[in-house]
Amino acid sequence: MDSKTFKKMIQQGIPDTLPEMPVYDKAINHAPKRKDILSKEEKKLAIRNALRYFPEMHHAKLAKEFADELKIYGRIYMHRFRPTYKMIARPISQYPNRSKKAAAIMLMIQNNLDEAVAQHPHELITYGGNGAVFQNWAQYLLTMKYLSEMTDEQTLVMYSGHPLGLFPSSNNAPRVVVTNGMMIPNYSKPGDWEKYNALGVTQYGQMTAGSYMYIGSQGIVHGTTITLLNAGRKIKSAGKDGSLAGKIFVSSGLGGMSGAQPKAAVIAGAIAVVAEVNPKVVEKRHKQGWVNEVYTELDGLLERIKTAVKKKEVVSLAYQGNIVDLWEKLAKAKMKVELGSDQTSLHNPFAGGYYPVGLLLEESNKLMTSNPAAFKKKVYDSLKRQVNAIRKLADAGMYFFDYGNAFLLEAGRAGANIFKKDGAFIYPSYVEDIMGPICFDYGFGPFRWVCTSCNPKDLELTDTIAANVLEKLYKKAPPEIKQQLRDNIHWIKEAQKNKLVVGSQARILYADADGRIAIAKAFNKAIRDGEISAPIVLGRDHHDVSGTDSPYRETANIYDGSRYTADMAVQNVIGDSFRGATWVSIHNGGGVGWGEVMNGGFGMVLDGSADADKNLEAMLFWDVNNGIARRAWARNSGALFTAKREVKRSKKLQITLPNLVQDKLLERLF
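Participant: So what's going on with the pattern of salt bridges? Which residues, and what values?
Facilitator: Per the stated rule, a full pass over the model turns up 33 salt bridges. Residue Arg649 pairs with Asp514 through a salt bridge whose shortest N-O separation is 2.7 Å. Residue Arg649 is found in helix α21 (residues 637–649), and its partner Asp514 is found in helix α18 (residues 513–528); the two are separated by 135 residues along the sequence. We classify Asp514 as partly exposed; its relative accessible area is 23%. Close ionic contact of Arg516 with Asp544 constitutes a salt bridge, the shortest N to O distance being 2.8 Å. Within this pair, whereas Arg516 is found in helix α18, its partner Asp544 is found in the loop between β14 (536–540) and β15 (548–549), the two being separated by 28 residues in sequence. The pair Arg516 / Asp544 is uniform in exposure class, with both members buried. Taken together, the shared-partner salt bridges connect Arg516, Arg540, Asp544 and Asp623 into one network.

Participant: How would you sum up the nonpolar core? Please name residues and give values.
Facilitator: Among the nonpolar cores identified, the biggest contains 151 residues, and Ile109, Tyr140, Tyr212, Trp449 and Leu538 are the most heavily contacted of them. Non-local contacts of Leu538, meaning those with residues more than four positions away in its chain, are made with Met213, Phe447, Arg448, Trp449, Ala520, Phe523, Phe602, Gly603, Met604, Leu606 and Leu620. In terms of nonpolar packing, the next biggest core, distinct from the first, is built from 51 residues, Leu302, Val337, Phe400 and Leu409 among them.

Participant: Kindly report on the environment of Arg448, identifying the contributing residues and their values.
Facilitator: Inspection of the secondary structure assignment puts Arg448 in strand β12 (residues 445–451). Its relative accessible area of 2% is what places Arg448 among the buried residues. A C-alpha to C-alpha distance of 20 Å links Arg448 and Leu229, two positions 219 residues apart in sequence. Those residues in contact with Arg448 that lie beyond four places of it in its chain are Thr208, Met213, Tyr214, Ile215, Gly219, Arg507, Ile508, Val537, Leu538, Gly539, Arg540 and Asp541. A distance of 2.6 Å separates a polar side-chain atom of Arg448 from the backbone oxygen of Met213.

Participant: Describe in detail the environment of Ile628, supporting the description with residues and values.
Facilitator: Tracing the backbone through its elements, the reader meets Ile628 in helix α20 (residues 610–633). Using a relative accessible area of 0% as the deciding quantity, one classes Ile628 as buried. Remark: the alpha-carbon pair of Ile628 and Phe641, spanning 13 residues in sequence, is separated by 9.6 Å. Excluding residues that lie within four positions of it along the chain, Ile628 makes contacts with Phe440, Asp441, Tyr442, Gly443, Val545, Ser546, Ala639, Thr642 and Ala643.

Participant: Go over the side chain of Gln505 with me, naming the residues and quoting the values.
Facilitator: Mapped onto the elements, Gln505 comes out in the loop between α17 (482–494) and β13 (506–511). A relative accessible area of 14% places Gln505 in the buried class. Not counting chain neighbours up to four residues away, the residues in contact with Gln505 comprise Trp449, Val450, Cys451, Cys454, Asn455, Pro456 and Leu459.

Cut-offs applied
- Residues numbered from 1 in each chain as written.
- Predicted model: local features only at pLDDT ≥ 70, side-chain atom pairs only at ≥ 80, totals over all residues.
- Heavy atoms only, no water.
- Salt bridge = Lys/Arg side-chain N within 4 Å of Asp/Glu carboxyl O.
- Helix = DSSP H or I, 4+ residues; strand = E, 2+ residues; numbered from the N terminus.
- Buried < 20%, exposed > 50% of the residue type's maximum accessible area, 1.4 Å probe, protein only.
- Core = buried A, V, L, I, M, F, W, Y, C linked by side-chain atoms within 4.5 Å.
- Contact = heavy atoms within 4.5 Å.
- Polar contact = N/O pair within 3.5 Å; in protein donor to acceptor, adjacent residues only side chain to side chain.

Next up, the structure:
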């Protein structure tokens, strides 16, 4: 399709004439059928809601079509309106626009729905089994039309995928404000999501799906690399340098974000063994080079693992099968496994996020809708078996950690043997043991950027700029953060070699406020000087210092009782919005489940201007230090160090710091 035709199709929005129904593409990975949970009257309401996007002359035909979709898929996706043009991030110059910032957002939306990036692209789901960009294709078409018409004095308001409209604002206001899954608390249980999503009134935006900031599995490759490196430093057999040479890391999941695990383990120097039940997903990761070898038979896999250990190979091995079978085989063989985790989508355990042992993929997909109660029992029985096998290996010395996917939470609900006598989990969350005290409390989190030129040369230059900035900061850094900087300098220098790009020309690294601001300023200067050919979009994973309140993940190492509050995430978004963010988002739900987490995110377009310099400094400073202040108030030692250091350097900053209480005083009282 030529550029002129593409622009015309974007600008038309929802077409007046009904397009032809596209062929159902069996080669694409599709979302499983959702449960039939609506009553007859509720199904009528869901269809009435869907028909709001279309003139009455089309209602008779579309009503029957939407009723069929509801019956077949459990949702109304409006497949007829799926665009015929290729869904990829295009250079920013190819998007019709009256605002370059709006064009950048269109690029990011298309990247989230790219077949090479998205988990279930035709169902508008980017990752996590249910992390949606939109609820249906009409919402996509209307949103892109609004963005093509928007000026820099308008704001597009997004209600869970629905574009409410363009509203007058100002040049300093965000161009888009996104909310996903904002429910009255008493209606925020997992079952509520199923119902209200089926009605077409809310969606699960995950962390970066519904906020247009997903960059493919690279986003979690880096976090997993940092996690594994620091996990290696915690196990005695790794030595003083934390080397993972010849060490085994076992986990599950290759779809969506979990697909990053084998790549990250190889970068960290380990032997990765990752199970995945979906053959299409395994094939995709193998073709992309994110998995080196694929095995369908466990005996052969175990022999291959032994060879890799003996030779201290750095290699990733996929087991196309159920993770429980793998764990039990390893336990029975008394295989020495150093590191273990899980990355199935257990925030969504009964609708495709977890496949129980003993059932084929197709059998699970049928049972979860035909007999949900029986499927739930299968899931819980499977989790209990999985935990029993993990425990045998952990008792023999394996360091197992929950990787923020609600594994411990759901295993506990299943009645698995996973609790200490005091009711706490046996195994730590990776945030409690690693990312919280080592990264988040010192302000380090997943800073990312996208080159809107789609030119690999621009990305390569940004890598060089970022590495130079971090090396300068390293020379003056206090000892407390030198290791974090060393890991990230190594990461960014190796980024090109590791071929991390899928979809947009994007990069990620962990940086604190100093690093983020310095890197962003250097990018903005390079754009202004013509060294970088087009604007850059800044963002981050919500999985960060300030962006997310999640008691079983991001704020798992908050011990003052406030881990169940969500003030930080909400304040994060409000503060970003008036400090220069191009768009902001806040979501209920994420990697640990609907009703279990609140996520705040942003996007910022750098265009080389003086305004961008001013905005990036104000917004990035707040975006990190909001979380530092909260973590310091919770008495986290790393955050106290960081907060005190920042107050000394920033004249306008004042932070309420805690007075520490002696344990003996409290012990005498009780």
